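Survey of secondary and tertiary structure
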Amino acid sequence: MNPKILWTAGMVAALATTAVTAYWLGTRTVPTPAAVTASAEKAVLYWYDPMVPDQHFDKPGKSPFMDMDLVPKYAGADDAATIKVSAATLQNLGVRTAQVEVGSLASSLRVPGSIAWDRRASREVSARVDAIVDKLYVRATYTPVRKGQPLAELIAPAWNAAAQEYLALEALQSDDAQSLRSAARQRLRVLGMDDGQIRNLRGGNTGIVLHAPIDGVVGELMIREGQSVQAGMSLMTINGLDTVWAEAAIPQAQSNGVRPGMAVEARTSAYPGEVFAGSVESLLADINSVTRTQQARIVLDNPEHRLTPGMFVDLAFSAAGGATHPLIPDSALIATGSDARVIVETGQGRFAPVRVVAGHSAAGQTEILEGLDGGERVVVSGQFLIDSEASLSGALDRLSAPEAAAPMPHDMHEGHKMPANHDQHQGHKMTADQSGHEGHEMPAKVDPHAGHDMPEGHVMPKDPQP
């Protein structure tokens, strides 16, 4: 082939290649300052293991703690104390918020209780003198009785002597006899006879009949027919049923809100839909050392005598509210062993953990004594996932120590030593291309990058001391 033709073809090919290259270079987009800034903002600050977020690494690789890759942490312009969540993520997690209201929390409390006799409505039936039980009209406990109903008839020698003296003086008309008769009548009253029984003495009935002092139920029966009884001996107990006691164990943490006179409503499964009204009579001055509860005594009205001792009831205490405080739903409070916090929505998909001091809780709400002012929006559903992200991002560390020293700037001068708590790079010297601190010396301790290839210029400490 002609050499001239070959040379001409080569020149044409070279010119074509040069034209294509020039065109490609001309069509490339030159990065704008904004793009450069965005790239800088996306610079990797460090890598970390999500399971051990406090440990930082200066290069990617496998985690020494878990069989997983390290995750990069990018620099950003967001507030370090807030967490940004996309709208799609919020929808997928079902995150819901509620506005913090300011109001008074009503002192309401619901506890179980049991019905007992109202001891203040009980009456004792006793013998005034030594006697013998001649007739017993009530033979079993829990027998209902009416006021004035005969309970028992006694024969008492002392009563018989006084009755015969009274009857013997009745026929005499002298002033002295009438005076003695009045004294004998008074003696019969002292021995326990009423006017009706004294009038019955004229018919020769010298037995003493004991009557029920109130309407109620025989709670205790201590005598039988033919039994001898002594003066002052209790024969039986009549328990009234117009009112009953409800005894409830109040938790120690909530006993401070229970006061005498507080209104109480009782409900029982025996009478669905019915409410028995009552009030707190007293809060007994004794704390159960095992259950840490305090006994409350409630007096309940008992219409138709339907509440009986031993019955279980559900007691609802209620009182007027006290001082006003911010109120949040119970589900919004994240309580730990050392403190309590809520997740507050700051706007535009950002959330921040806020430490609070919680007060009493009632009716599904908790009063906040410190930390909120009212009007904020707090997360009531899905807050634990956001709280976990806050823990990973370090927002909770800043929450727990708000006055702690700020992180060291990246433009530290040569030779500046890092505090001992910056142990994520302990045990090696960082090169300038890794941290921007040429010659920056870190404290020599355990190397977190053991088992990984070290970057060029990385120097291991010599014979670290335990």
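Now for a look at the structure at hand. Because the structure is a prediction, the values reported are computed rather than measured.

**Side note on the overall build of the chain**
Counting secondary structure elements, the chain contains nine helices and 26 strands. A burial count over the chain gives 34% of its 466 residues as buried. Of the contacts made within the chain by residues no fewer than 6 positions apart, 68% connect residues no fewer than 24 positions apart. Carbon and sulfur atoms form 55% of the exposed surface of the chain, whose accessible area is close to 27400 Å².

**Focus on the nonpolar core**
Ranked by size, the top nonpolar core spans 34 residues in total, and within it L151, W159, L188, I223, M236 and I238 carry the most contacts. For this core, the elements supplying multiple residues, two or more each, are β9 (131-136), β11 (150-155), α4 (157-170), α5 (175-191), β12 (208-211), β13 (216-221) and β15 (234-239). When residues in this core are grouped by element, the largest group, five residues, is from α4. Those residues in contact with L188, other than ones at most four positions away along the chain, are W159, A162, A163, Y166, M193, I198 and L201. Among the nonpolar cores identified, the runner-up in size contains 24 residues, and I115, V217, V258 and F317 belong to it.

**Brief notes about the sheet that holds strand β14 (residues 228-229)**
Taken in spatial order, the four strands of this open sheet run β12-β11-β9-β14, and their pairing is antiparallel. Unpaired on one side and paired on the other, β12 and β14 mark the two borders of the sheet. Sheet topology places β11 next to β12; four bridges connect them, and they run antiparallel. Each residue of the ladder has a partner; that of A152, found in β12, is L210.

**Things to note about the environment of S179**
Take S179: it is sitting in helix α5. Along the backbone, S179 and L169 are 10 residues apart, and their C-alpha atoms lie at a distance of 9.4 Å.

**Details of the pattern of salt bridges**
Pairing between side chains of opposite charge can happen when the charged atoms of each approach one another. Going through the model one piece at a time under the given rule, you end up with 12 salt bridges. We note a salt bridge from E265 to R267, for which the minimum N-O separation is 3.4 Å. On the basis of relative accessible area, E265 is assigned to the partly exposed category, the value being 38%. Take R267: its relative accessible area is 33%, and that puts it in the partly exposed class. For E281, the salt bridge identified is with R297, shortest N-O distance 3.9 Å. Of this pair, E281 sits in strand β18 (residues 276-287) while R297 sits in strand β19 (residues 293-301), placing them 16 residues apart in sequence. In this structure E281 comes out as partly exposed when scored by relative accessible area, which is 26%. We classify R297 as buried; its relative accessible area is 19%.

**Examining the sheet that holds β15**
Strand-to-strand pairing in sheets goes through backbone hydrogen bonds, with the strands running parallel or antiparallel. With antiparallel pairing, four strands are arranged side by side in an open sheet as β8-β15-β13-β10. Bordering the open sheet on either side are β8 (122-126) and β10 (144-145), each of which pairs with just one other strand. With two bridges joining them, β10 and β13 adopt antiparallel strand pairing. Its bridge partner lying in β13, P144 is registered against V217.

**Structural notes on the packing of α4 against α5**
The geometry of α4 relative to α5 is characterised by a closest axis approach of 9 Å and an angle of 155° between their N-to-C directions. Between α4 and α5, the interaxial angle falls into the category roughly antiparallel. Where α4 crosses over α5, the two elements pack in a sense that is left-handed. Listed contacts from α5 to A158, W159, A162, A163, E165, Y166, L169 and E170 of α4 are A177, L180, R181, A184, R185, R187, L188 and L191. For the contact of α4 with α5, a count of residues per class yields 11 nonpolar, no polar and five charged.

**Focus: the side chain of E376**
Turning to its location among the elements, E376 is positioned in the loop between β25 (365-370) and β26 (377-381). Buried and unpaired, E376 has no salt bridge, with R377 as the nearest side chain of opposite charge at 10 Å. For E376, the side chain forms a polar contact with the main-chain nitrogen of D373, separated by 2.9 Å. Separated by 2.9 Å, the side chain of E376 and the backbone nitrogen of G374 make a polar contact. Residues in contact with E376, not counting those within four places in the same chain, are A98, Q99, V100 and V344.

Rules used in this analysis
- Residues numbered from 1 in each chain as written.
- Predicted model: local features only at pLDDT ≥ 70, side-chain atom pairs only at ≥ 80, totals over all residues.
- Heavy atoms only, no water.
- Helix = DSSP H or I, 4+ residues; strand = E, 2+ residues; numbered from the N terminus.
- Buried < 20%, exposed > 50% of the residue type's maximum accessible area, 1.4 Å probe, protein only.
- Contact = heavy atoms within 4.5 Å.
- Areas by Shrake-Rupley, 256 points an atom, 1.4 Å probe, with all protein chains shown as cover.
- Core = buried A, V, L, I, M, F, W, Y, C linked by side-chain atoms within 4.5 Å.
- Pairing = 2+ DSSP bridges.
- Salt bridge = Lys/Arg side-chain N within 4 Å of Asp/Glu carboxyl O.
- Axes fitted to C-alpha atoms, helices over the stretch in contact; angles between N-to-C directions.
- Parallel < 35°, antiparallel > 145°, perpendicular 65-115°, else oblique.
- Left-handed = near helix turned anticlockwise from the far one by under 90°.
- Nonpolar A, V, L, I, M, F, W, Y, C, P; charged D, E, K, R; others polar.
- Lys, Arg positive; Asp, Glu negative; His and termini not counted.
- Polar contact = N/O pair within 3.5 Å; in protein donor to acceptor, adjacent residues only side chain to side chain.

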